[in-house]
Amino acid sequence: MSPISPSARPCRPTRLTLLIAAAGIGLVAAGLHAEPLPAVVDKVLLQQPSVRSAQALLRAADAQITQVRSDFLPSLGLTYRNADSRDETQGTPINRNVRRSDANLRWNVFNGATDTNRLRAAGFTRDAADADLDNVLEQVAYELTENYSDVVRLRQLMASLQATIASQERVEANVAHRVDAGRISSAELDLMRVRLIQNRNLLGQLRAQLGTAEYRYRLLTGEAPTNLITPSIQPADTAVASDAAIEALVERIHERNPRLRAALQRANARQADVGAARGFFFPSVDLSYSKRLDNTTIPIPVSDTDRAAQVQVSLDIPLGGKNLGRHTEAVERHQAAQADADDLLLKVSKDITDLYRQYIEARQVAPLLEQRVTAAQRVAAAYELHFDAGRRSLNDLSIAQGDLFDAQRGLIENRAQQTTLQAQLLGLAGELRTALRSRYRPAPIPPELLGTQYVSPALVAAPVPSVEASPAPQVELAPASPAVPAAIDPALRARLDAWRAAWAAQDFDAYRAAYATDFQPGKGRSTADWENERRQRVTQAKAPRIRLDKLVLADGGADQASLRFVQHYSAAQYRDTVRKQLDWKKVDGQWKIVGETVLPAAPKAE
């Protein structure tokens with residue numbers, strides 16, 4: 001590697017440049033048209049083989065009910081006979097043809113309620129199949145959620161690790177230059193190369209895991225995993241890891257868990273089978289009615305039955321031990337099914353308690369993990385400066401860079417863990433599909449948290465100056481009265497209010513329409529780059545509020561005007577107040593913003 005002289009070393013980027021680069025990386029990673037998780041689940045859920053199998057079993061259970069119901073109806077039998085015979089009458093042979101038609105109607109009028117219990121058992125089996133279908137749907141939805149989150153997690157880990165490796169390669173070049181100059185030992189360069197090899201090896205492992213996860217995603221959805229965004233499901237209420245909250249959750253899931261419902265319905269079906277087996281101990285009573293419809297014999301015999309009708313009552317009394325064995329088998333199967341349901345109840349209760357406590361812990365530690373990342377970014381950046389100045393050893397810098405990646409890794413895995421744990425809990429309650437439709441919110445990790453350089457939250461949340469301007473004179477502007485100055489065109493004031501309202505409503509299209517089509521943001525940026533940056537800031541802020549006061553007309557004319565005001569901005573936990581100037585110009589009869597400048601703060605009065 002060729003040495004790099006200090007004069008040839010590139011200048012360290014400013015925080016604003018780093019912020020813009022991080023925002024651009026975030027847009028590329030998330031995709032301009034991110035495909036949310038609920039859309040993926042709804043699109044492929046019913047196509048899964050396990051779902052189609054459960055649907056077929058449910059239809060089979062419906063058909064079984066139809067079969068059992070038919071046993072309550074009588075059976076009709078029709079018999080037709082056409083026979084040729086050779087008879088002898090008084091020693092004379094006679095060839096005779098006989099054609100007869102008989103009808104028989106048979107109805108079981110009593111069998112010890114066996115058919116009734118069989119119908120109950122079929123109904124419970126059908127309910128169990130329906131619960132099985134719900135369980136399969138929830139399992140497939142969870143599998144898709146887990147795989148979706150896994151792909152996003154691995155991609156974020158790779159991006160973070162690649163940024164770490166790029167930072168280490170920059171340090172390696174600096175160390176190589178110092179080694180060539182004889183300022184430090186070559187062992188320092190070996191140390192840096194060892195750390196690089198370790199991270200590159202880890203990057204290869206992550207790449208292999210990502211390939212497996214993406215292949216699994218294609219198997220589940222039939223599509224490549226493009227434009228995925230970090231998923232999140234908003235909690236229904238404030239979650240607290242108290243015993244009362246856990247007991248309430250366990251009770252609710254016991255009532256709604258589809259797998260548990262299926263087990264209980266099967267236990268009920270086996271209990272109905274016991275009733276059906278008991279019915280075989282009772283005599284079976286059948287009523288039958290037989291009627292001869294037609295009788296044709298050629299030649300006619302001396303005596304034959306031409307027309308006949310018969311009513312018959314049959315009583316079958318069971319003997320032997322067959323029915324006793326059938327009853328014993330039914331009782332044992334019922335006990336086994338009930339034991340399986342009780343065992344599943346215990347497992348579900350244990351899983352709920354374990355998952356819920358993990359989820360609460362993951363939620364509570366999440367803010368601390370973000371603080372850890374920002375602190376690690378500051379330490380790594382400071383140690384790099386200290387290393388350049390000779391105040392820190394290379395080992396200190398290397399450890400700080402490793403700590404930064406570990407912090408980012410912990411944050412990324414915490415986000416994925418929260419989503420998968422909550423999806424598991426909702427799946428146990430049979431509510432995952434509903435929650436994905438009603439409570440899903442994309443929650444991408446801010447790109448500045450995945451970089452190797454610390455970016456102040458003020459630079460992230462506050463509006464970025466979009467026009468290069470020389471410092472304004474340090475003169476305190478006279479405060480304007482709350483009322484709209486008379487010199488301001490009412491149409492211009494209306495356009496200013498529409499711009500502020502569109503920003504607060506996070507309506508980027510209306511916000512962009514306030515600016516000129518060829519708006520030049522300055523600082524060497526293109527209009528497209530500015531649009532991408534502002535789209536992210538406007539649409540991803542949390543509950544933004546913008547208030548303008550001290551509005552004055554700095555410069556005015558028929559077709560051009562400049563408005564100065566104090567802008568109060570707040571979003572989530574961030575608040576900011578700046579002095580701003582907007583330059584307006586009439587384009588096709590409409591006021592459009594052609595310049596935007598954040599002015600220096602006014603000096604305090606003596």
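Residues numbered from 1 in each chain as written. Predicted model: local features only at pLDDT ≥ 70, side-chain atom pairs only at ≥ 80, totals over all residues. Heavy atoms only, no water.

### Looking at the nonpolar core
Core analysis: the biggest nonpolar cluster contains 65 residues, and V41, Y148, L161, V171, V175, L206 and L432 have the highest contact counts within it. Listed by contribution, the elements that provide at least two residues to this core are helix 2 (37–44), helix 3 (49–69), helix 4 (114–180), helix 5 (186–221), helix 8 (322–388), helix 9 (394–428) and helix 10 (432–438). The dominant element in this core, judged by the number of residues it contributes, is helix 4, at 20 residues. If near-sequence neighbours (up to four positions away) are discounted, V171 is found in contact with M192, E384, F387, L394, L397 and Q401. With 26 residues, the next largest nonpolar core counts W503, A541, L551 and L582 among its residues. (Core = buried A, V, L, I, M, F, W, Y, C linked by side-chain atoms within 4.5 Å. Buried < 20%, exposed > 50% of the residue type's maximum accessible area, 1.4 Å probe, protein only. Helix = DSSP H or I, 4+ residues; strand = E, 2+ residues; numbered from the N terminus. Contact = heavy atoms within 4.5 Å.)

### Considerations on the sheet that holds strand 1 (residues 75–89)
Pairing is antiparallel across the open sheet formed by 4 strands, whose spatial order is 1-2-3-4. Of all strands in the sheet, those with a lone pairing partner are strand 1 and strand 4 (308–316), marking the two edges. Across this sheet, the average inter-strand angle for adjacent strands is 25 degrees, counted without regard to direction. Bridge analysis of strand 2 (residues 92–110) against strand 3 (residues 284–298) gives 13 bridges, and the strand direction is antiparallel. Along strand 3, the bridge assignment pairs N108 with D286. (Pairing = 2+ DSSP bridges. Axes fitted to C-alpha atoms, helices over the stretch in contact; angles between N-to-C directions.)

### A closer look at the pairing of strand 5 (residues 545–556)
Relative to strand 6 (residues 560–571), strand 5 is paired through 9 bridges, and the arrangement is antiparallel. Its bridge partner being in strand 6, V552 is matched across the sheet by R564. Between strand 5 and strand 6, which pair antiparallel and follow one another directly, the connecting turn spans 3 residues.

### As for the packing of aromatic side chains
Here a ring pair, both rings aromatic, is described through the centre-centre distance and the interplanar angle of the planes. On inspection of all chains with the given rule, the structure shows 11 aromatic pairs. Seen from their ring centres, Y515 and W530 are 4.8 Å apart, and the 65 degrees between their planes marks the pair as edge-to-face. With Y515 in the loop between helix 13 (508–513) and helix 14 (527–540) and W530 in helix 14, the pair connects residues that are 15 residues apart, well separated along the chain. W530 matches Y515 in its accessibility class, with the two residues each being buried. An aromatic cluster is built from W499, W503, F508, Y511, Y515, F519, W530, F565 and Y569, whose rings are joined through pairwise contacts. (Phe/Tyr/Trp six-rings, centres within 6.5 Å; stacked < 30°, edge-to-face > 60°.)

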